Amino acid sequence: MNTLPEIILKTMNAVKLLIVTTLFAFITSCGNNVAEMKKHLTINANQANQSFLLGEPLDVSINNPKNYDIGDVSFSLDGNAITKKTTLTNMKLGEHTITAQMQLNGELETITKTITVLNNKTPKVYTFDIINEYPHDITSYTQGLEFYKGELYESTGQYGSSKLRKVNYKTGEVLKNHNVPNEYFAEGITIFNHQVYQLTWRRGIGFVYNVETFEKTGSFKYNNSKQGWGLCNDGKVLYKSDGTEKIWTLDPETLAEKSYIQAYHNKGKVVELNELEWVNGKIYANRWEKNGVAIINPENGAVEGVIDFSSLHKKVTQHPKLDVLNGIAYNPETQTLFVTGKLWDKLFEVKIVE
């Protein structure tokens, strides 16, 4: 038989257990309620396909079919506060995130939605006139091409045969050559502050060379992108493509990827951007396997024009290993564009025509 003190002690323990169990159930229930509430809450935008043209109005609201008490809701676009009605102007194209913040069961919660901003103009279509044809090393798997002080520099790819070269573009003679180690597949180049910057494909690393001697002076890693495709510069910063629609801006001192634009026209994104060239304030981007070039606004990623170079493929020697157009270089001295391709035996000097 239990004594009275023992009965009181057991009763107190039972009460404590009941309180703890109830409190735990309440906390769990609250957590589940918040999670359940968030499942039923969505952000509405005024375009059913979530795509907006640059300059169009954006009208956002909360879809709350269960009529939960959510209090005041605040909205932001890529972390910047917006009102329920705003106009999509002066912004980069591509994917953006809308965030809605509200109170649920006394807790501050957020939900998100992705929208896409497209260019509001159709790209102009350009063709070209051939001014000159020059010999090009048919064994060069061209990945990068750039003029510097009137002379042509080239980066070639493939494991075991990647090179950095200085070339006499009129004769095709190789004036200087550097063999890249066999474990690297070289990609695009650009010349900036008297240094040659060369990407590699999948190793996440780029190399820096002295432009006069080709002596390797440093290297840099890709921070966010996984691959290296093309490079160019505007005299202040470097721009890097990674095989997607993104073009990254590299810090000129650290070469870290700081931000990016996304290449979009009025219908959607333009992917597989490859070799890059800076031409009169625009980025010219070779599109892999398309035998064409996109003309891109570096401020917002708008594809403002396209150049169809597909006819050049038939003007070079046809052979089993012949590959696609890749290699664009602007010569400011002649104000003309030079283009070639992977394993092409010709380099074409062209003038762009709308």
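About the cut-offs
- Residues numbered from 1 in each chain as written.
- Predicted model: local features only at pLDDT ≥ 70, side-chain atom pairs only at ≥ 80, totals over all residues.
- Heavy atoms only, no water.
- Helix = DSSP H or I, 4+ residues; strand = E, 2+ residues; numbered from the N terminus.
- Buried < 20%, exposed > 50% of the residue type's maximum accessible area, 1.4 Å probe, protein only.
- Core = buried A, V, L, I, M, F, W, Y, C linked by side-chain atoms within 4.5 Å.
- Contact = heavy atoms within 4.5 Å.
- Pairing = 2+ DSSP bridges.
- Axes fitted to C-alpha atoms, helices over the stretch in contact; angles between N-to-C directions.

Undergrad: Can you help me understand unusual backbone geometry in this one?
TA: One can expect most non-glycine residues to show negative phi and most peptide bonds to be in trans. Look at Leu-255: it is not a glycine, yet its phi comes out positive at around 65 degrees. As for its placement among the helices and strands, Leu-255 is situated in the loop between strand E20 (246–250) and strand E21 (257–262). We classify Leu-255 as buried; its relative accessible area is 8%. Positive phi values are uncommon outside glycine, yet Glu-289 reaches one of about 65 degrees. Classification of Glu-289 by relative accessible area gives partly exposed; the value is 47%.

Undergrad: Help me out: how do you make sense of the nonpolar core in this one?
TA: Looking at soluble globular proteins, one finds that nonpolar side chains tend to be buried together. Counting residues in hydrophobic clusters, the biggest one holds 27 residues, and the most contacted among them are Ile-43, Leu-58, Ile-62, Phe-75, Ile-98 and Met-102. Taken together, the elements giving at least two residues each to this core come down to helix H1 (4–40), strand E1 (42–45), strand E3 (57–63), strand E4 (74–77), strand E7 (94–104) and strand E8 (107–118). Residues within four places of Ile-98 in sequence aside, it is in contact with Ile-43, Leu-58, Val-60, Phe-75, Ser-76, Leu-77, Ile-111, Thr-112, Lys-113 and Ile-115.

Undergrad: Which parts of the structure should I look at to understand the sheet that holds strand E6 (residues 85–87)?
TA: Hydrogen bonding along the main chain pairs the strands of a sheet, whether they run parallel or antiparallel. An order of E1-E3-E6 is seen for the three strands of this open sheet, with the pairing classed as antiparallel. Whereas interior strands pair on both sides, the edge strands pair on one side only; in this sheet they are E1 and E6. Ignoring strand direction, the axes of neighbouring strands in this sheet form an average angle of 30 degrees. One ladder, built from three bridges, connects E3 with E6; its direction is antiparallel. In the strand pairing of E6, Asp-59 is matched with Lys-85.

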